[in-house]
Amino acid sequence: GTRYVTIGGAIASDIHGKNHHLDGSFGNHVTRIRLMLADTTIVEVGPHHDPELFWATIGGMGLTGLILDATFRLLPIETSRLSVDTARLDTLDDVMSEMVASEADFRYSVAWLDLLATGKRLGRGVLTNGVHARADQLAPADALQPYAYRADQLAVVPPVVPPQGVINKLTVKAFNEMWFRKAPRRRQGELQTIPTYFHPLDLIGHWNRVYGRAGFVQYQFHVPYDEVGVLRTIIQRLSAAQLPVFMTVLKRFGPGNPAPLSFPQAGWQLAV
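Buried within helix α4 (residues 92-102) are the following residues: L92, V95, M96, M99 and S102. For α4, the angular spread of buried residues about the axis comes to 150°, placing them on one side.

Now the structure itself:
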């Protein structure tokens, strides 16, 4: 969800994105790591060379040593744009059903949920599915530079913010209503930039300041596919508590990898 990461940190955290249901997490694409152990010995590990140490390093939060450099595979793309389908969905059932039905057709999939919505609107949200845009989908002007990439910030949150921040039930309720209503009921094939689709929070500089001096805690958990009722119960309880949750993200995960400390497994994932 952010571009401000390092490759070493991505490996040590075995980060996941909006494409885990098809591609798995970052460690799935690493082919070699050069690692400095605690005694300063330098070793090279990979999926087929000392795999036990390799998979302990994937998601190992740096506990096996310092990652000096790494080799990993990338996906060939034709443009720096995403073709995005957006759906505004009125209930949690609608969101989850649509995610299940559409995930095989899109490399990237993520849903935003309104945790302040109650009753029949419980779990309403906005689903955005994306694929990398082809060169022939670009407008003539953009096609001249298909890989053009800009990551400018739209605004910066000033340092002068009330100590308690501006996140409260009133502001979040207003934001959620605006965010839900501004999404189209259905829109297909909208071209978006990489920062817009993948890193929307990074478009606002120092966005964390809106939480005030106390900051925030992000809670992220996983529910296996056959325990979907647990996910529904958690969302119902969060909604009933009427907590001012600024951002709630629902994703679907594919199978996990052999890393013993890696977080993703097949199932639903909610970040609050």
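Back to the text.
This paragraph deals with the environment of F198. Among the structural elements, F198 can be located in helix α7 (residues 194-198). For F198, a relative accessible area of 15% gives the class buried. In contact with F198, other than residues within four places in its own chain, are G1, K18, L82 and Y108.

Let us look at unusual backbone geometry. The phi dihedral of D14 is positive, around 45°, even though this residue is not glycine. Its place among the elements puts D14 in the loop between α1 (7-13) and α2 (20-23). With a phi angle near 50°, D50 is a residue other than glycine that sits in the positive phi range. Tracing the backbone shows D50 in the loop between β2 (42-45) and α3 (51-57). Residue D50 is classed as partly exposed on the basis of its relative accessible area of 39%.

Time to look at the sheet that holds strand β6 (residues 125-132). Strand order in the open sheet formed by seven strands is β8-β4-β6-β5-β11-β12-β10, with antiparallel pairing between adjacent strands. Whereas interior strands pair on both sides, the edge strands pair on one side only; in this sheet they are β8 (186-193) and β10 (220-223). This sheet shows a mean twist of 25° between the axes of neighbouring strands, independent of strand direction. The sheet contact formed by strand β4 (residues 81-89) and β8 spans six bridges and is antiparallel. Of the residues in β8, the one forming a bridge with R81 is T193. On the sheet, α4 packs against β4, β5 (108-113), β6, β8, β11 (249-253) and β12 (267-271) and is oriented at approximately 35° with respect to β11.

What follows covers helix α6 (residues 169-182). Given 3.6 residues per turn, any residue in an α-helix points the same way as the ones three and four places further on. Taking 1.5 Å per residue, 14 residues should reach 20 Å; α6 reaches 20 Å between its end C-alpha atoms and fits that length. Looking at α6, one finds that the buried residues are V172, N176 and F180. On an axial view of α6, the arc spanned by its buried residues comes to 60°, and they lie on one face. Exposed residues lying more than 90 degrees from the buried face of α6 are L170 and K182. Those residues of α6 that are buried lie in contact with β4, β5 and β6.

Before going further, it helps to examine the sheet that holds strand β3 (residues 66-72). Ordered by their spatial adjacency, three strands build an open sheet running β2-β1-β3, and the pairing between neighbours is antiparallel. Each edge of the open sheet is held by one strand with a lone partner, namely β2 and β3. Here the strands of the sheet are splayed against their neighbours by 15° on average, with no regard to which way each runs. Pairing of strand β1 (residues 30-36) with β3, which is carried by six bridges, proceeds in the antiparallel orientation. Paired with I33 across the two strands is A70, which belongs to β3.

A few words now on the pattern of salt bridges. Scanning the model with the defined rule gives 15 salt bridges in all. Notably, a salt bridge pairs E44 with R32, separated by 3.4 Å at the nearest N-O pair. Pair noted here: E44 is in strand β2 and R32 is in strand β1, with a separation of 12 residues, a long-range link. E44 gets classed as partly exposed once you look at its relative accessible area, which sits at 40%. Two residues, R181 and E177, come together in a salt bridge whose shortest N-O distance is 2.9 Å. You can see R181 and its partner E177 sitting in helix α6, four residues apart, about one turn around the helix. Taken together, the shared-partner salt bridges connect R32, R34, E44 and D69 into one network.

Criteria and thresholds
Residues numbered from 1 in each chain as written. Predicted model: local features only at pLDDT ≥ 70, side-chain atom pairs only at ≥ 80, totals over all residues. Heavy atoms only, no water. Buried < 20%, exposed > 50% of the residue type's maximum accessible area, 1.4 Å probe, protein only. Helix = DSSP H or I, 4+ residues; strand = E, 2+ residues; numbered from the N terminus. Arc of directions from axis to C-beta. Contact = heavy atoms within 4.5 Å. Pairing = 2+ DSSP bridges. Axes fitted to C-alpha atoms, helices over the stretch in contact; angles between N-to-C directions. Expected span 1.5 Å × (residues − 1). Salt bridge = Lys/Arg side-chain N within 4 Å of Asp/Glu carboxyl O.

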